[in-house]
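# An overview of the molecular structure
Listed here are the chains, written in short residue letters.
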Amino acid sequence: MADIKKHWYKEMAVYQIWPRSFKDGNGDGIGDLKGVLSKLDYIKSLGVDAVWFSPLYKSPQKDYGYDISDYRDIAPEYGTLDEFKTVLDECHKRGLKVIMDMVVNHTSDQHEWFLESKKGHDNPCHDYYFWRKGKNGGKKPPNNWRSIFSEPAWKYDEGLGEYYLHLFATEQPDLNMDNPKVREEVKDIMRFWLEMGVDGFREDVITFISKKENLPNGIPIPIATGFEHYMGGPRLHEYLMEFKNDVLSKYDCMTVGEAPMMTPKKALKHIAEGPGQELNMMFHFQHMEADSFLTSWIRRPFNLKKLKKVYANWQEGLYGRAWNALYIENHDQPRIIDRYGSLEFREASAKMLAAMYICQSGTPFIYQGQEIGMTNINLPEIGMYDDVSTINNYKLGQKLRLSDKTIMKLAMYASRDNARTPVQWTGGKNAGFTGGEKAWFHINPNYTEINVEAAEKDENSILNFYRKLLKFRKENEIVIYGDYKEHYPDSDKLFVYERNYEGKRMLVICSFCDKPCVFKTPEGFDLGKGRLEIASYENAGNTGNNFILQPYECRVYMF
Ligand code: GLC
Ligand code: CA
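Let me sum up the structure you'll find in this document. (Residues numbered from 1 in each chain as written. Chains lettered and ligands numbered in written order. Predicted model: local features only at pLDDT ≥ 70, side-chain atom pairs only at ≥ 80, totals over all residues. Heavy atoms only, no water.)

Take the nonpolar core next. By size, the foremost hydrophobic cluster in this structure holds 162 residues, and its most contacted members are Phe84, Trp193 and Met356. The biggest single contributor to this core is helix H11 (residues 346–358), with 9 residues. Listed in part, the 18 residues of the second largest apolar core include Trp145, Phe208, Tyr230 and Val388. (Core = buried A, V, L, I, M, F, W, Y, C linked by side-chain atoms within 4.5 Å. Buried < 20%, exposed > 50% of the residue type's maximum accessible area, 1.4 Å probe, protein only. Helix = DSSP H or I, 4+ residues; strand = E, 2+ residues; numbered from the N terminus.)

Here is the structure:
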(Lines give C-alpha, C1' and ligand atoms only; values in the text may rest on other atoms or scores of the structure.)
(Ligands and ions follow the chains in the order given, each with its own letter.)
Protein backbone atom coordinates (compact mmCIF):
# COMPACT_ATOMS: atom_id res chain seq x y z
CA MET A 1 0.00 0.00 0.00
CA ALA A 2 1.18 3.46 -0.88
CA ASP A 3 2.48 5.55 1.93
CA ILE A 4 0.15 8.51 2.31
CA LYS A 5 1.43 11.64 3.98
CA LYS A 6 -1.12 13.41 6.11
CA HIS A 7 -1.70 17.12 5.75
CA TRP A 8 -4.40 19.62 6.63
CA TYR A 9 -5.11 20.48 3.03
CA LYS A 10 -5.96 16.85 2.43
CA GLU A 11 -8.34 16.63 5.35
CA MET A 12 -10.27 19.81 4.72
CA ALA A 13 -13.43 20.42 2.74
CA VAL A 14 -13.83 23.80 1.06
CA TYR A 15 -16.87 25.99 0.42
CA GLN A 16 -16.64 28.27 -2.61
CA ILE A 17 -18.20 31.72 -2.46
CA TRP A 18 -18.92 33.69 -5.63
CA PRO A 19 -19.37 36.94 -3.74
CA ARG A 20 -21.75 38.81 -6.03
CA SER A 21 -24.51 36.23 -5.57
CA PHE A 22 -23.84 34.87 -2.10
CA LYS A 23 -25.60 37.29 0.26
CA ASP A 24 -26.32 41.00 0.15
CA GLY A 25 -25.70 42.70 3.47
CA ASN A 26 -26.55 46.33 2.68
CA GLY A 27 -29.60 46.15 0.47
CA ASP A 28 -28.11 47.34 -2.82
CA GLY A 29 -28.88 44.01 -4.46
CA ILE A 30 -25.24 42.88 -4.75
CA GLY A 31 -23.67 40.26 -2.54
CA ASP A 32 -20.95 41.60 -0.24
CA LEU A 33 -18.64 40.95 2.73
CA LYS A 34 -21.25 42.06 5.22
CA GLY A 35 -23.48 39.35 3.78
CA VAL A 36 -20.66 36.82 4.04
CA LEU A 37 -20.10 37.75 7.67
CA SER A 38 -23.76 37.10 8.46
CA LYS A 39 -23.48 33.58 7.01
CA LEU A 40 -20.21 32.34 8.49
CA ASP A 41 -22.01 30.30 11.12
CA TYR A 42 -24.06 28.68 8.38
CA ILE A 43 -20.92 27.86 6.41
CA LYS A 44 -19.29 26.42 9.49
CA SER A 45 -22.41 24.36 10.20
CA LEU A 46 -21.91 22.51 6.90
CA GLY A 47 -18.80 20.89 8.30
CA VAL A 48 -16.36 22.52 5.92
CA ASP A 49 -12.94 23.76 6.98
CA ALA A 50 -12.21 26.54 4.53
CA VAL A 51 -13.76 29.16 2.31
CA TRP A 52 -12.48 29.98 -1.17
CA PHE A 53 -13.47 33.42 -2.32
CA SER A 54 -13.85 33.98 -6.03
CA PRO A 55 -12.20 37.37 -6.63
CA LEU A 56 -13.15 40.12 -4.21
CA TYR A 57 -10.59 42.59 -5.56
CA LYS A 58 -11.22 45.93 -7.22
CA SER A 59 -12.44 45.25 -10.71
CA PRO A 60 -14.54 46.74 -13.51
CA GLN A 61 -16.40 43.38 -13.29
CA LYS A 62 -16.33 42.66 -17.01
CA ASP A 63 -15.64 39.06 -16.04
CA TYR A 64 -16.94 39.41 -12.49
CA GLY A 65 -13.73 39.96 -10.66
CA TYR A 66 -11.51 37.83 -12.88
CA ASP A 67 -10.48 41.17 -14.38
CA ILE A 68 -8.55 42.76 -11.52
CA SER A 69 -7.67 46.44 -11.46
CA ASP A 70 -6.12 46.46 -7.99
CA TYR A 71 -4.74 43.28 -6.41
CA ARG A 72 -4.39 44.88 -3.00
CA ASP A 73 -7.87 46.23 -2.45
CA ILE A 74 -11.46 45.04 -2.23
CA ALA A 75 -14.13 46.04 -4.77
CA PRO A 76 -16.17 48.84 -3.15
CA GLU A 77 -19.45 47.05 -3.91
CA TYR A 78 -18.18 44.14 -1.79
CA GLY A 79 -16.78 46.24 1.06
CA THR A 80 -13.41 47.47 2.29
CA LEU A 81 -10.08 45.92 3.09
CA ASP A 82 -10.87 46.39 6.78
CA GLU A 83 -14.10 44.48 6.34
CA PHE A 84 -12.16 41.75 4.62
CA LYS A 85 -9.77 41.58 7.58
CA THR A 86 -12.77 41.18 9.86
CA VAL A 87 -14.10 38.34 7.71
CA LEU A 88 -10.66 36.73 7.76
CA ASP A 89 -10.54 37.02 11.54
CA GLU A 90 -14.04 35.71 12.02
CA CYS A 91 -13.30 32.77 9.73
CA HIS A 92 -10.18 31.93 11.68
CA LYS A 93 -12.06 32.19 14.97
CA ARG A 94 -14.43 29.53 13.66
CA GLY A 95 -11.60 27.31 12.46
CA LEU A 96 -12.24 28.15 8.81
CA LYS A 97 -9.27 28.77 6.56
CA VAL A 98 -9.46 31.39 3.83
CA ILE A 99 -8.35 30.81 0.26
CA MET A 100 -8.04 33.68 -2.17
CA ASP A 101 -8.38 33.54 -5.94
CA MET A 102 -5.08 34.51 -7.54
CA VAL A 103 -5.68 35.69 -11.09
CA VAL A 104 -2.29 36.43 -12.63
CA ASN A 105 -2.54 35.21 -16.19
CA HIS A 106 -4.14 38.57 -16.97
CA THR A 107 -5.27 41.81 -15.35
CA SER A 108 -8.09 44.20 -16.12
CA ASP A 109 -7.45 46.71 -18.91
CA GLN A 110 -8.07 49.28 -16.17
CA HIS A 111 -5.16 48.08 -14.05
CA GLU A 112 -2.57 50.78 -13.60
CA TRP A 113 0.08 48.57 -15.24
CA PHE A 114 -1.95 48.29 -18.40
CA LEU A 115 -2.86 51.97 -18.51
CA GLU A 116 0.85 52.72 -18.14
CA SER A 117 1.93 50.11 -20.66
CA LYS A 118 -0.21 51.76 -23.33
CA LYS A 119 1.64 55.01 -22.97
CA GLY A 120 4.61 53.98 -25.06
CA HIS A 121 7.51 51.66 -25.59
CA ASP A 122 9.66 53.45 -23.04
CA ASN A 123 7.15 53.11 -20.26
CA PRO A 124 8.48 50.82 -17.47
CA CYS A 125 5.25 48.80 -17.62
CA HIS A 126 5.21 48.42 -21.39
CA ASP A 127 6.66 44.92 -21.34
CA TYR A 128 4.26 43.77 -18.64
CA TYR A 129 1.95 42.72 -21.47
CA PHE A 130 2.22 41.24 -24.97
CA TRP A 131 2.27 44.15 -27.41
CA ARG A 132 2.92 43.23 -31.05
CA LYS A 133 2.76 44.88 -34.43
CA GLY A 134 0.07 43.54 -36.76
CA LYS A 135 0.76 41.53 -39.88
CA ASN A 136 0.14 42.74 -43.45
CA GLY A 137 1.31 46.24 -42.74
CA GLY A 138 -0.39 46.19 -39.37
CA LYS A 139 -3.90 45.38 -40.55
CA LYS A 140 -4.06 41.79 -39.37
CA PRO A 141 -3.52 40.52 -35.81
CA PRO A 142 -0.02 39.19 -35.05
CA ASN A 143 -1.23 35.56 -35.08
CA ASN A 144 -4.40 33.53 -35.48
CA TRP A 145 -5.08 32.79 -31.80
CA ARG A 146 -8.64 32.98 -30.58
CA SER A 147 -9.67 33.90 -27.08
CA ILE A 148 -11.33 31.28 -24.86
CA PHE A 149 -14.32 33.61 -24.89
CA SER A 150 -14.72 33.25 -28.70
CA GLU A 151 -13.12 36.35 -30.10
CA PRO A 152 -9.79 36.97 -31.77
CA ALA A 153 -7.19 36.98 -29.00
CA TRP A 154 -5.77 40.33 -30.11
CA LYS A 155 -7.11 43.83 -29.75
CA TYR A 156 -5.75 46.79 -31.66
CA ASP A 157 -4.82 49.90 -29.72
CA GLU A 158 -5.08 53.10 -31.75
CA GLY A 159 -2.71 55.06 -29.57
CA LEU A 160 0.19 52.62 -29.84
CA GLY A 161 -0.68 51.30 -33.27
CA GLU A 162 -0.13 47.79 -31.91
CA TYR A 163 -2.15 44.83 -30.73
CA TYR A 164 -2.24 43.33 -27.25
CA LEU A 165 -2.91 39.70 -26.41
CA HIS A 166 -5.97 38.66 -24.40
CA LEU A 167 -6.75 34.96 -24.03
CA PHE A 168 -10.04 35.84 -22.33
CA ALA A 169 -12.23 38.96 -22.69
CA THR A 170 -10.92 42.02 -24.53
CA GLU A 171 -10.77 43.77 -21.17
CA GLN A 172 -8.43 41.07 -19.77
CA PRO A 173 -4.97 41.66 -21.27
CA ASP A 174 -2.52 38.80 -20.67
CA LEU A 175 0.45 39.50 -18.45
CA ASN A 176 3.87 38.77 -19.88
CA MET A 177 5.20 36.36 -17.24
CA ASP A 178 8.50 36.09 -19.15
CA ASN A 179 9.27 39.53 -17.81
CA PRO A 180 10.99 38.98 -14.43
CA LYS A 181 9.48 42.23 -13.14
CA VAL A 182 6.01 40.77 -13.62
CA ARG A 183 6.98 37.70 -11.64
CA GLU A 184 8.28 39.91 -8.84
CA GLU A 185 4.94 41.73 -8.83
CA VAL A 186 3.07 38.41 -8.60
CA LYS A 187 5.22 37.26 -5.70
CA ASP A 188 4.67 40.56 -3.91
CA ILE A 189 0.92 40.21 -4.27
CA MET A 190 1.07 36.69 -2.88
CA ARG A 191 3.14 37.90 0.06
CA PHE A 192 0.70 40.74 0.69
CA TRP A 193 -2.21 38.34 1.25
CA LEU A 194 -0.20 35.67 3.04
CA GLU A 195 1.21 38.26 5.44
CA MET A 196 -2.36 39.36 6.14
CA GLY A 197 -3.09 35.78 7.15
CA VAL A 198 -4.84 34.07 4.25
CA ASP A 199 -4.20 30.35 4.03
CA GLY A 200 -3.73 29.73 0.35
CA PHE A 201 -4.62 30.39 -3.23
CA ARG A 202 -6.74 29.00 -5.99
CA GLU A 203 -4.65 29.96 -8.99
CA ASP A 204 -6.77 30.95 -11.97
CA VAL A 205 -5.86 29.36 -15.35
CA ILE A 206 -2.35 29.06 -13.99
CA THR A 207 -1.26 26.64 -16.71
CA PHE A 208 -1.62 29.46 -19.29
CA ILE A 209 1.03 31.77 -17.88
CA SER A 210 3.92 30.73 -20.12
CA LYS A 211 3.50 31.38 -23.84
CA LYS A 212 5.65 29.89 -26.57
CA GLU A 213 8.40 32.21 -27.73
CA ASN A 214 7.50 34.35 -30.74
CA LEU A 215 3.83 33.44 -30.36
CA PRO A 216 3.48 31.28 -33.49
CA ASN A 217 0.19 30.56 -35.27
CA GLY A 218 -1.90 27.78 -33.77
CA ILE A 219 -3.91 24.90 -35.18
CA PRO A 220 -7.23 26.44 -36.20
CA ILE A 221 -9.94 24.78 -34.13
CA PRO A 222 -13.30 26.38 -33.35
CA ILE A 223 -12.39 27.39 -29.82
CA ALA A 224 -9.05 28.47 -28.45
CA THR A 225 -6.91 28.34 -31.58
CA GLY A 226 -3.34 28.46 -30.37
CA PHE A 227 -3.88 26.73 -27.03
CA GLU A 228 -1.01 24.36 -27.81
CA HIS A 229 1.29 27.37 -27.54
CA TYR A 230 0.22 28.52 -24.09
CA MET A 231 -1.38 25.59 -22.26
CA GLY A 232 1.46 24.06 -20.28
CA GLY A 233 3.88 26.42 -22.03
CA PRO A 234 7.69 26.09 -22.11
CA ARG A 235 8.51 27.90 -18.86
CA LEU A 236 5.46 26.95 -16.78
CA HIS A 237 7.36 24.59 -14.46
CA GLU A 238 10.07 27.16 -13.93
CA TYR A 239 7.61 29.92 -12.98
CA LEU A 240 5.54 27.75 -10.67
CA MET A 241 8.70 26.59 -8.93
CA GLU A 242 9.86 30.16 -8.56
CA PHE A 243 6.57 31.15 -6.87
CA LYS A 244 6.88 28.17 -4.61
CA ASN A 245 10.51 28.61 -3.64
CA ASP A 246 10.46 32.36 -3.23
CA VAL A 247 7.08 32.72 -1.51
CA LEU A 248 4.72 29.80 -0.94
CA SER A 249 7.21 27.48 0.77
CA LYS A 250 7.77 30.12 3.43
CA TYR A 251 4.17 29.95 4.65
CA ASP A 252 1.90 27.21 5.95
CA CYS A 253 -0.41 27.58 2.97
CA MET A 254 -2.02 25.52 0.23
CA THR A 255 -2.47 25.98 -3.50
CA VAL A 256 -4.84 24.58 -6.07
CA GLY A 257 -4.23 25.47 -9.69
CA GLU A 258 -6.95 25.64 -12.31
CA ALA A 259 -5.80 23.53 -15.25
CA PRO A 260 -7.97 23.07 -18.35
CA MET A 261 -7.17 20.00 -20.50
CA MET A 262 -5.05 18.51 -17.73
CA THR A 263 -4.45 14.75 -17.57
CA PRO A 264 -3.24 12.75 -14.54
CA LYS A 265 0.10 12.09 -16.22
CA LYS A 266 0.79 15.75 -16.90
CA ALA A 267 -0.59 16.75 -13.50
CA LEU A 268 1.95 14.57 -11.71
CA LYS A 269 4.71 16.74 -13.15
CA HIS A 270 3.23 19.65 -11.21
CA ILE A 271 1.72 18.14 -8.09
CA ALA A 272 3.61 14.92 -7.32
CA GLU A 273 4.75 15.16 -3.71
CA GLY A 274 8.41 15.72 -3.06
CA PRO A 275 10.93 18.48 -3.59
CA GLY A 276 9.76 19.20 -7.15
CA GLN A 277 6.13 19.77 -6.17
CA GLU A 278 4.88 23.06 -7.57
CA LEU A 279 1.25 23.09 -6.42
CA ASN A 280 -0.71 21.01 -3.91
CA MET A 281 -3.61 20.18 -6.20
CA MET A 282 -5.10 20.91 -9.57
CA PHE A 283 -8.64 21.50 -10.79
CA HIS A 284 -8.83 19.46 -13.96
CA PHE A 285 -11.88 19.42 -16.24
CA GLN A 286 -12.06 15.88 -17.56
CA HIS A 287 -14.90 14.76 -15.31
CA MET A 288 -16.93 17.78 -16.38
CA GLU A 289 -16.90 16.49 -19.94
CA ALA A 290 -19.08 13.40 -19.53
CA ASP A 291 -21.88 15.28 -21.33
CA SER A 292 -19.81 17.67 -23.40
CA PHE A 293 -16.48 18.16 -25.08
CA LEU A 294 -13.85 20.79 -24.15
CA THR A 295 -16.59 23.22 -23.11
CA SER A 296 -20.12 22.55 -21.94
CA TRP A 297 -21.26 24.25 -25.19
CA ILE A 298 -20.19 21.32 -27.35
CA ARG A 299 -22.67 18.74 -26.19
CA ARG A 300 -22.99 15.01 -26.26
CA PRO A 301 -25.27 12.67 -24.30
CA PHE A 302 -24.27 12.05 -20.70
CA ASN A 303 -21.98 9.05 -20.56
CA LEU A 304 -21.55 7.40 -17.16
CA LYS A 305 -18.84 5.03 -18.34
CA LYS A 306 -16.75 7.94 -19.49
CA LEU A 307 -17.24 9.71 -16.17
CA LYS A 308 -16.18 6.63 -14.23
CA LYS A 309 -13.13 6.11 -16.40
CA VAL A 310 -11.97 9.67 -15.80
CA TYR A 311 -12.39 9.26 -12.06
CA ALA A 312 -10.59 5.92 -12.04
CA ASN A 313 -7.67 7.43 -13.96
CA TRP A 314 -7.29 10.30 -11.53
CA GLN A 315 -7.96 8.31 -8.37
CA GLU A 316 -5.59 5.49 -9.22
CA GLY A 317 -3.10 7.68 -11.04
CA LEU A 318 -2.56 10.05 -8.14
CA TYR A 319 -2.99 7.73 -5.17
CA GLY A 320 0.02 7.83 -2.88
CA ARG A 321 1.84 10.24 -5.19
CA ALA A 322 -0.28 13.37 -5.35
CA TRP A 323 -3.61 14.71 -4.20
CA ASN A 324 -6.94 15.19 -5.99
CA ALA A 325 -9.14 18.28 -5.86
CA LEU A 326 -12.75 17.10 -6.06
CA TYR A 327 -15.57 19.25 -7.40
CA ILE A 328 -18.74 18.90 -9.45
CA GLU A 329 -19.78 22.55 -9.54
CA ASN A 330 -18.26 26.00 -9.55
CA HIS A 331 -18.98 29.47 -10.92
CA ASP A 332 -18.07 28.37 -14.48
CA GLN A 333 -20.19 25.23 -14.67
CA PRO A 334 -23.94 24.87 -15.05
CA ARG A 335 -25.62 23.18 -12.08
CA ILE A 336 -24.80 19.49 -11.81
CA ILE A 337 -28.34 18.21 -11.18
CA ASP A 338 -29.36 19.41 -14.65
CA ARG A 339 -26.34 17.72 -16.17
CA TYR A 340 -25.54 14.44 -14.44
CA GLY A 341 -28.59 14.13 -12.21
CA SER A 342 -32.30 14.46 -12.75
CA LEU A 343 -34.75 17.30 -12.22
CA GLU A 344 -37.47 14.72 -11.68
CA PHE A 345 -35.45 13.06 -8.92
CA ARG A 346 -33.77 16.23 -7.80
CA GLU A 347 -33.28 15.34 -4.15
CA ALA A 348 -32.18 11.77 -4.73
CA SER A 349 -29.82 12.63 -7.56
CA ALA A 350 -28.30 15.57 -5.68
CA LYS A 351 -27.53 13.32 -2.72
CA MET A 352 -26.15 10.57 -4.89
CA LEU A 353 -23.86 12.98 -6.77
CA ALA A 354 -22.66 14.37 -3.45
CA ALA A 355 -21.75 10.94 -2.10
CA MET A 356 -20.28 9.90 -5.46
CA TYR A 357 -17.58 12.58 -5.36
CA ILE A 358 -17.14 13.37 -1.66
CA CYS A 359 -16.41 9.73 -0.82
CA GLN A 360 -13.49 9.66 -3.26
CA SER A 361 -9.89 10.37 -2.35
CA GLY A 362 -9.16 14.10 -2.42
CA THR A 363 -10.20 17.47 -1.05
CA PRO A 364 -13.86 18.21 -1.79
CA PHE A 365 -14.95 21.66 -2.92
CA ILE A 366 -18.62 22.65 -2.64
CA TYR A 367 -20.00 25.57 -4.60
CA GLN A 368 -22.54 27.92 -3.03
CA GLY A 369 -26.09 26.63 -3.54
CA GLN A 370 -24.90 23.15 -4.46
CA GLU A 371 -25.59 22.06 -0.89
CA ILE A 372 -29.32 22.82 -1.28
CA GLY A 373 -29.57 21.36 -4.77
CA MET A 374 -29.96 24.57 -6.76
CA THR A 375 -30.67 24.05 -10.46
CA ASN A 376 -30.14 25.87 -13.76
CA ILE A 377 -32.26 28.93 -14.38
CA ASN A 378 -32.63 28.35 -18.15
CA LEU A 379 -33.04 31.99 -19.17
CA PRO A 380 -34.89 31.97 -22.50
CA GLU A 381 -33.58 35.18 -24.13
CA ILE A 382 -30.05 36.34 -24.77
CA GLY A 383 -30.87 39.78 -23.39
CA MET A 384 -31.37 38.22 -19.96
CA TYR A 385 -27.81 36.92 -19.79
CA ASP A 386 -24.92 38.71 -18.26
CA ASP A 387 -21.88 36.49 -18.64
CA VAL A 388 -19.38 37.72 -21.22
CA SER A 389 -18.58 34.22 -22.50
CA THR A 390 -22.28 33.44 -23.05
CA ILE A 391 -22.77 36.64 -24.99
CA ASN A 392 -19.68 36.04 -27.11
CA ASN A 393 -20.69 32.46 -27.77
CA TYR A 394 -24.08 33.71 -28.86
CA LYS A 395 -22.42 36.01 -31.38
CA LEU A 396 -20.24 33.15 -32.58
CA GLY A 397 -23.34 30.98 -33.01
CA GLN A 398 -24.88 33.71 -35.15
CA LYS A 399 -21.74 33.88 -37.28
CA LEU A 400 -21.92 30.12 -37.73
CA ARG A 401 -25.55 30.66 -38.87
CA LEU A 402 -27.05 28.52 -36.12
CA SER A 403 -30.73 29.24 -35.54
CA ASP A 404 -31.66 31.40 -32.59
CA LYS A 405 -33.51 28.48 -31.14
CA THR A 406 -30.41 26.26 -31.29
CA ILE A 407 -28.14 28.89 -29.76
CA MET A 408 -30.59 29.58 -26.95
CA LYS A 409 -30.92 25.89 -26.25
CA LEU A 410 -27.16 25.69 -25.86
CA ALA A 411 -27.03 28.84 -23.73
CA MET A 412 -29.77 27.58 -21.43
CA TYR A 413 -27.83 24.40 -20.93
CA ALA A 414 -24.29 25.68 -20.84
CA SER A 415 -24.23 29.29 -19.67
CA ARG A 416 -22.14 30.11 -16.62
CA ASP A 417 -25.02 32.35 -15.55
CA ASN A 418 -26.83 29.20 -14.45
CA ALA A 419 -24.45 28.96 -11.50
CA ARG A 420 -24.46 32.68 -10.81
CA THR A 421 -28.03 33.28 -9.74
CA PRO A 422 -28.37 34.51 -6.15
CA VAL A 423 -28.26 31.93 -3.40
CA GLN A 424 -31.76 31.03 -2.28
CA TRP A 425 -31.83 31.60 1.45
CA THR A 426 -35.58 31.72 2.13
CA GLY A 427 -38.93 31.36 0.40
CA GLY A 428 -39.60 35.06 1.03
CA LYS A 429 -39.00 38.21 -1.01
CA ASN A 430 -35.95 38.03 -3.27
CA ALA A 431 -35.25 34.59 -1.82
CA GLY A 432 -33.81 36.32 1.25
CA PHE A 433 -30.74 37.20 -0.81
CA THR A 434 -31.23 40.94 -0.49
CA GLY A 435 -33.29 43.10 1.81
CA GLY A 436 -33.38 45.71 -0.95
CA GLU A 437 -35.84 46.03 -3.79
CA LYS A 438 -34.09 43.99 -6.41
CA ALA A 439 -31.24 41.54 -6.76
CA TRP A 440 -28.53 42.38 -9.31
CA PHE A 441 -29.42 39.25 -11.31
CA HIS A 442 -32.38 36.97 -11.95
CA ILE A 443 -33.38 34.75 -9.06
CA ASN A 444 -34.41 31.23 -9.96
CA PRO A 445 -38.22 31.15 -9.51
CA ASN A 446 -37.93 27.77 -7.80
CA TYR A 447 -36.65 29.57 -4.68
CA THR A 448 -40.07 29.18 -3.08
CA GLU A 449 -39.32 25.47 -2.75
CA ILE A 450 -35.55 25.28 -2.96
CA ASN A 451 -34.04 27.41 -0.21
CA VAL A 452 -31.86 27.10 2.87
CA GLU A 453 -34.65 27.87 5.31
CA ALA A 454 -36.83 25.02 4.06
CA ALA A 455 -33.84 22.67 3.89
CA GLU A 456 -32.93 23.43 7.52
CA LYS A 457 -36.38 22.27 8.65
CA ASP A 458 -36.22 18.99 6.78
CA GLU A 459 -34.10 16.34 8.42
CA ASN A 460 -33.78 14.52 5.09
CA SER A 461 -32.93 17.53 2.98
CA ILE A 462 -30.01 17.68 0.57
CA LEU A 463 -28.44 20.21 2.93
CA ASN A 464 -28.54 17.83 5.88
CA PHE A 465 -27.24 15.05 3.68
CA TYR A 466 -24.18 17.17 2.84
CA ARG A 467 -23.68 17.75 6.57
CA LYS A 468 -23.89 14.04 7.25
CA LEU A 469 -21.45 13.24 4.47
CA LEU A 470 -18.87 15.81 5.54
CA LYS A 471 -19.10 14.67 9.14
CA PHE A 472 -18.71 11.07 8.05
CA ARG A 473 -15.64 12.00 6.00
CA LYS A 474 -14.12 13.85 8.91
CA GLU A 475 -14.71 10.98 11.34
CA ASN A 476 -13.36 8.23 9.10
CA GLU A 477 -9.80 8.41 7.86
CA ILE A 478 -10.56 5.85 5.21
CA VAL A 479 -12.73 8.38 3.37
CA ILE A 480 -9.79 10.76 3.26
CA TYR A 481 -6.79 8.49 2.95
CA GLY A 482 -8.12 5.22 1.55
CA ASP A 483 -7.27 3.90 -1.91
CA TYR A 484 -9.77 3.54 -4.75
CA LYS A 485 -10.95 0.51 -6.66
CA GLU A 486 -13.80 0.59 -9.11
CA HIS A 487 -16.39 -2.17 -9.63
CA TYR A 488 -18.57 -2.80 -12.67
CA PRO A 489 -16.78 -0.28 -14.91
CA ASP A 490 -18.93 -1.43 -17.83
CA SER A 491 -22.24 -0.64 -16.17
CA ASP A 492 -23.98 2.39 -17.62
CA LYS A 493 -26.32 2.58 -14.64
CA LEU A 494 -24.21 2.03 -11.54
CA PHE A 495 -21.15 3.75 -10.15
CA VAL A 496 -19.63 1.46 -7.51
CA TYR A 497 -16.24 1.71 -5.86
CA GLU A 498 -14.44 0.56 -2.77
CA ARG A 499 -11.86 2.23 -0.58
CA ASN A 500 -9.32 0.51 1.66
CA TYR A 501 -7.28 1.89 4.51
CA GLU A 502 -5.46 0.27 7.40
CA GLY A 503 -7.58 -2.86 7.42
CA LYS A 504 -10.88 -1.06 6.93
CA ARG A 505 -13.03 -1.28 3.81
CA MET A 506 -15.76 0.91 2.47
CA LEU A 507 -18.17 0.34 -0.39
CA VAL A 508 -19.86 3.22 -2.22
CA ILE A 509 -22.91 2.38 -4.31
CA CYS A 510 -24.48 4.99 -6.60
CA SER A 511 -27.29 4.56 -9.07
CA PHE A 512 -27.48 6.87 -12.08
CA CYS A 513 -30.73 5.25 -13.14
CA ASP A 514 -34.13 6.94 -13.12
CA LYS A 515 -35.82 3.58 -12.56
CA PRO A 516 -35.38 0.90 -9.92
CA CYS A 517 -32.24 -1.03 -10.72
CA VAL A 518 -30.87 -4.42 -9.69
CA PHE A 519 -27.75 -4.35 -7.56
CA LYS A 520 -25.48 -7.32 -6.88
CA THR A 521 -22.88 -6.89 -4.20
CA PRO A 522 -19.39 -7.33 -5.65
CA GLU A 523 -17.57 -10.50 -4.73
CA GLY A 524 -15.67 -10.33 -1.49
CA PHE A 525 -18.27 -8.21 0.30
CA ASP A 526 -21.08 -9.32 2.57
CA LEU A 527 -23.32 -6.37 3.29
CA GLY A 528 -24.76 -8.20 6.28
CA LYS A 529 -21.37 -7.80 7.94
CA GLY A 530 -21.07 -4.12 7.08
CA ARG A 531 -22.54 -1.00 8.62
CA LEU A 532 -24.75 1.17 6.43
CA GLU A 533 -23.23 4.58 7.14
CA ILE A 534 -24.82 6.75 4.50
CA ALA A 535 -28.19 6.14 2.84
CA SER A 536 -30.16 8.52 0.66
CA TYR A 537 -33.46 6.68 0.96
CA GLU A 538 -35.23 5.86 4.19
CA ASN A 539 -35.75 2.19 4.93
CA ALA A 540 -32.60 1.16 3.13
CA GLY A 541 -30.74 -1.73 4.68
CA ASN A 542 -31.48 -5.30 5.72
CA THR A 543 -31.82 -6.16 2.09
CA GLY A 544 -29.28 -8.93 1.67
CA ASN A 545 -26.54 -8.82 -0.90
CA ASN A 546 -28.75 -8.55 -3.98
CA PHE A 547 -31.50 -6.01 -4.04
CA ILE A 548 -33.25 -3.26 -5.95
CA LEU A 549 -31.80 0.22 -5.77
CA GLN A 550 -34.33 3.04 -5.98
CA PRO A 551 -33.89 5.76 -8.65
CA TYR A 552 -30.59 7.62 -8.05
CA GLU A 553 -30.18 5.88 -4.71
CA CYS A 554 -26.81 5.86 -2.98
CA ARG A 555 -25.45 3.90 -0.04
CA VAL A 556 -22.13 3.74 1.71
CA TYR A 557 -21.19 0.65 3.73
CA MET A 558 -18.27 0.34 6.08
CA PHE A 559 -16.52 -2.93 6.93
C1 GLC B 1 -11.12 30.95 -14.96
C2 GLC B 1 -12.24 31.43 -14.08
C3 GLC B 1 -13.28 32.05 -14.94
C4 GLC B 1 -12.67 33.22 -15.66
C5 GLC B 1 -11.42 32.82 -16.42
C6 GLC B 1 -10.62 34.01 -16.80
O7 GLC B 1 -11.51 29.94 -15.81
O8 GLC B 1 -12.73 30.39 -13.30
O9 GLC B 1 -14.40 32.45 -14.22
O10 GLC B 1 -13.60 33.76 -16.55
O11 GLC B 1 -10.56 32.02 -15.65
O12 GLC B 1 -10.06 34.59 -15.66
CA1 CA C 1 -24.51 44.76 -1.22
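Below, the discussion takes up empty space enclosed by the protein. Applying the stated criterion across every chain, the model contains 5 cavities of 30 Å³ or more. Counted as a void, the largest cavity has a volume near 50 Å³. Those elements giving two or more residues to the lining of the largest cavity turn out to be helix H9 (304–318) and strand S14 (325–326). Of all the elements, H9 adds the most residues to the lining of the largest cavity, at 3 residues. (1 Å grid on protein atoms, 1.4 Å probe; cavity = no way out; pocket = protein on both sides within 12 Å on 5 of 7 lines; lining within 4 Å. Points joined across faces, edges and corners; volume = space filled by probe spheres on them.)

With distances of 2.2 to 2.3 Å, the protein atoms coordinating the calcium ion (ligand 2) are Asp24 (OD), Asn26 (OD1), Asp28 (OD), Ile30 (O) and Asp32 (OD). Written as a sequence motif, the donor arrangement for the calcium ion (ligand 2) is D-x1-N-x1-D-x1-I-x1-D. On the accessibility criterion, aspartate 28 (39% relative accessible area) is partly exposed. Isoleucine 30 gets classed as buried once you look at its relative accessible area, which sits at 15%. (Donors = N, O, S within 2.8 Å, 3.2 Å for Na, K, Ca; no water.)

As a further point, take the site of ligand 1. Taken together, 14 residues form the shell around ligand 1, and within it Asp63, His106, Asp204, His331 and Asp332 come nearest. Taking aspartate 204, its side chain carries an N or O atom lying 2.8 Å from an oxygen atom of ligand 1. Take arginine 416: an N or O atom from its side chain is 3.0 Å from an oxygen atom of ligand 1. Cavity membership is defined here by more than half of the atoms lying within 2 Å of grid points; on that basis ligand 1 lies in the largest pocket. (Near = heavy atom within 4 Å. Polar contact = N/O pair within 3.5 Å; in protein donor to acceptor, adjacent residues only side chain to side chain. Sits in = over half its atoms within 2 Å of the grid points.)

To continue, consider helix H6 (residues 180–196). Along an α-helix, residues three or four apart share an orientation, since each turn contains 3.6 residues. For H6, which comprises 17 residues, the first-to-last C-alpha distance of 25 Å matches the rise-based estimate of 24 Å (1.5 Å per residue) to within 8%. Three or more residues of H6 are buried, namely Val182, Arg183, Glu185, Val186, Lys187, Ile189, Met190, Trp193, Leu194 and Met196. Just downstream of H6, glycine 197 is the residue with a positive phi angle, here 120 degrees. (Expected span 1.5 Å × (residues − 1).)

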